[in-house]
Amino acid sequence: MLGSGFIARFYADSLAAQRRKDVLVSVYSRSMERAEKFAKDYGLPHFSNSLTEVVENPDVDVVVIALSNDLHLGAVEACAKAGKHVLCTKPLGRTGEEAKKMLEMVEKAGIMGGYLEDLCYTPKFLKSLNSVKAGSIGRVLWAKSRETHPGPHSDWFWNMEQSGGGAIVDLGCHCIEISRNFIGKDIKPVEVMCWAATQVHPIAAEDHAIGLVKYANGVIGQFEVSWCFRGGMDLRDEVMGSEGTIWLNNFLRTGFEMFSTGKGTNYVAEKAESSSGWLFPVGDEVHELGYSHMFTDMFESIEQKREPLESFYDGYVVNCIIDAAYRSAKSRNWEHVQLDDWRGRTDVTEGHEFASYDDQFYLIKEEILPNGEKKLILKDKKTGAVERRDL
Ligand SMILES: NC(=O)c1ccc[n+]([C@@H]2O[C@H](COP(=O)([O-])OP(=O)(O)OC[C@H]3O[C@@H](n4cnc5c(N)ncnc54)[C@H](O)[C@@H]3O)[C@@H](O)[C@H]2O)c1
């Protein structure tokens, strides 16, 4: 484990949970004191303040990168050099250029590069993705994802040099990959329109943004991200299909509501702002946030020599979309997504499929009125005339 901070502990909690067979053997932290504390808390036999010592430890088969964004590239380089499989937290890079370097390094070294995008592994997400793939909501038309909270917990997030940006790179990476999964990872993201602003915090980066990502088949992905939201962490997804709809609420409103006067103050859930009043705890955060399924997929893909559901390539595509979002926020125009390495379909166009009523008409709408009358709205395929037909 490289890093001993917030996400390293979430990962360790997940790896230590439920009698898992995967074992944490070593941790790196800048500070020997924190490395030792982490090792003690999770029962690790080894800890060090030397990153290479941990990566090169012969007991280590797989390295997990849980460091600030500016340190991902160097850590991947160390893993490639040592020939150790590497799982990197999100965002993969601060830019598409950095992510591409990491992708090339793991591919050249012949090691597995897993992208730790936990929100694409939540039980709710996995089940809804299966429904989408089974055609239960028809053609996906729009996939929206929102992550907003009151702002990150460590200083480096607020420093653009270390983080690579604000809410877009920090939270948008989750939302973009969620939409990409629903829309289809083989469909090329083509262009991005993004609004971004610094509304509350005295920082150089954006603390609030909304973006539209247009895909080659004409489908729209939407992200809404903020470090200004008050009231906890709001994680919601919405998918609109030609035959159905999915609404997902991953945090805050999960069906667990509790009231407390504040006595016996305790941790409630990630970024919960209060421990009194009406609260929205989360039963098993590491499971409900996707960490359990994520690590299972990662380790099984290493054993089975297959790609994980979320790979370095996915991290690279996400970074390229984010780059376009930053360009758009500046130019105020739609900006092209520059993907030098596109591995998906190239034969996709913005096709329109209209439902036929019969050979002569399209069916626009079928309606039942409050008095029980039924009617159809039809369009003549040749003349374009729209007409009503009572049933
Ligand atoms: N849901 C998620 O997947 C999720 C959630 C939170 C954070 N993250 C990601 O995890 C990574 C770490 O974030 P965090 O929340 O754990 O932050 P954190 O500040 O709690 O921990 C960061 C770790 O990096 C170390 N670090 C920072 N600067 C360093 C330096 N110059 N040299 C050596 N070590 C240094 C810190 O000591 C600490 O161990 C980031 O890339 C972040 O985007 C992912």
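Residues numbered from 1 in each chain as written. Predicted model: local features only at pLDDT ≥ 70, side-chain atom pairs only at ≥ 80, totals over all residues. Heavy atoms only, no water.

Details of the pattern of salt bridges
It is possible for side chains of opposite charge to pair when their charged atoms get near one another.
Then, in step 1: The final tally for this structure, using the stated rule, is 30 salt bridges.
Then, in step 2: Close ionic contact of aspartate 41 with lysine 37 constitutes a salt bridge, the shortest N to O distance being 2.9 Å. Residue aspartate 41 and its partner lysine 37 are both found in helix H2 (residues 32-42); the two are separated by four residues, about one turn of the helix.
Then, in step 3: Aspartate 41 gets classed as partly exposed once you look at its relative accessible area, which sits at 39%.
Then, in step 4: Two residues, arginine 343 and aspartate 341, come together in a salt bridge whose shortest N-O distance is 2.8 Å.
Then, in step 5: If you follow the salt bridges from partner to partner, you end up with Lys144, Arg146, Glu224, Asp234, Arg236 and Glu238 in one network. (Salt bridge = Lys/Arg side-chain N within 4 Å of Asp/Glu carboxyl O. Helix = DSSP H or I, 4+ residues; strand = E, 2+ residues; numbered from the N terminus. Buried < 20%, exposed > 50% of the residue type's maximum accessible area, 1.4 Å probe, protein only.)

Points about the sheet that holds strand E3 (residues 62-65)
Then, in step 1: Ordered by their spatial adjacency, three strands build an open sheet running E3-E4-E5, and the pairing between neighbours is parallel. The sheet is open, and its two edges are formed by E3 and strand E5 (113-116), each paired on a single side. In this sheet, adjacent strand axes meet at a mean angle of 20° when their direction is disregarded.
Then, in step 2: Bridging between strand E4 (residues 85-89) and E5 involves four bridges; their strand directions are parallel. Residue pairing across strands places cysteine 88 opposite tyrosine 115, the latter belonging to E5. (Pairing = 2+ DSSP bridges. Axes fitted to C-alpha atoms, helices over the stretch in contact; angles between N-to-C directions.)

Focus: the environment of glycine 138
Then, in step 1: Mapped onto the elements, glycine 138 comes out in the loop between helix H6 (123-133) and strand E6 (140-148).
Then, in step 2: Taking the C-alpha atoms as reference, glycine 138 lies 21 Å from leucine 376; in sequence the two are 238 residues apart.

Here's the deal with the packing of helix H8 (residues 167-183) against helix H11 (residues 312-331)
Then, in step 1: Running from amino to carboxyl end, H8 crosses H11 at an angle of 120°, the nearest separation of the two axes being 9 Å. In terms of orientation, H8 lies oblique with respect to H11. H11 is crossed by H8, and the crossing has right-handed handedness. Taken together, the residues of H11 that come into contact with H8 (itself represented by Ile168, Val169, Cys173, Ile176, Glu177 and Arg180) are Asp314, Val317, Val318, Ile321, Ile322, Ala325 and Tyr326.
Then, in step 2: Looking at the contact of H8 with H11 residue by residue, the classes come out as 10 nonpolar, no polar and three charged. (Parallel < 35°, antiparallel > 145°, perpendicular 65-115°, else oblique. Left-handed = near helix turned anticlockwise from the far one by under 90°. Contact = heavy atoms within 4.5 Å. Nonpolar A, V, L, I, M, F, W, Y, C, P; charged D, E, K, R; others polar.)

Structural notes on the packing of helix H1 (residues 6-16) against H2
In a pair of packed helices, the angle between the axes and the distance between the axes together describe the arrangement.
Then, in step 1: Between H1 and H2, the least distance of the axes is 11 Å, while the angle of their chain directions is 20°. The orientation of H1 relative to H2 falls into the category roughly parallel. As H1 runs across H2, the sense of the crossing is right-handed. Of the residues in H2, those in contact with Ala8, Arg9, Ala12 and Asp13 of H1 are Lys37, Phe38, Asp41 and Tyr42.
Then, in step 2: Taken together, the residues of the contact of H1 with H2 break down into four nonpolar, no polar and four charged.

A word on the sheet that holds strand E16 (residues 374-380)
Then, in step 1: Strand order in the open sheet formed by three strands is E15-E16-E17, with antiparallel pairing between adjacent strands. Each edge of the open sheet is held by one strand with a lone partner, namely strand E15 (361-368) and strand E17 (386-390). Each adjacent strand pair in this sheet contributes to an overall mean axis angle of 25°, direction not counted.
Then, in step 2: Note: E15 against E16, seven bridges, orientation antiparallel. Looking at E16, one finds that phenylalanine 361 is bridged to aspartate 380.

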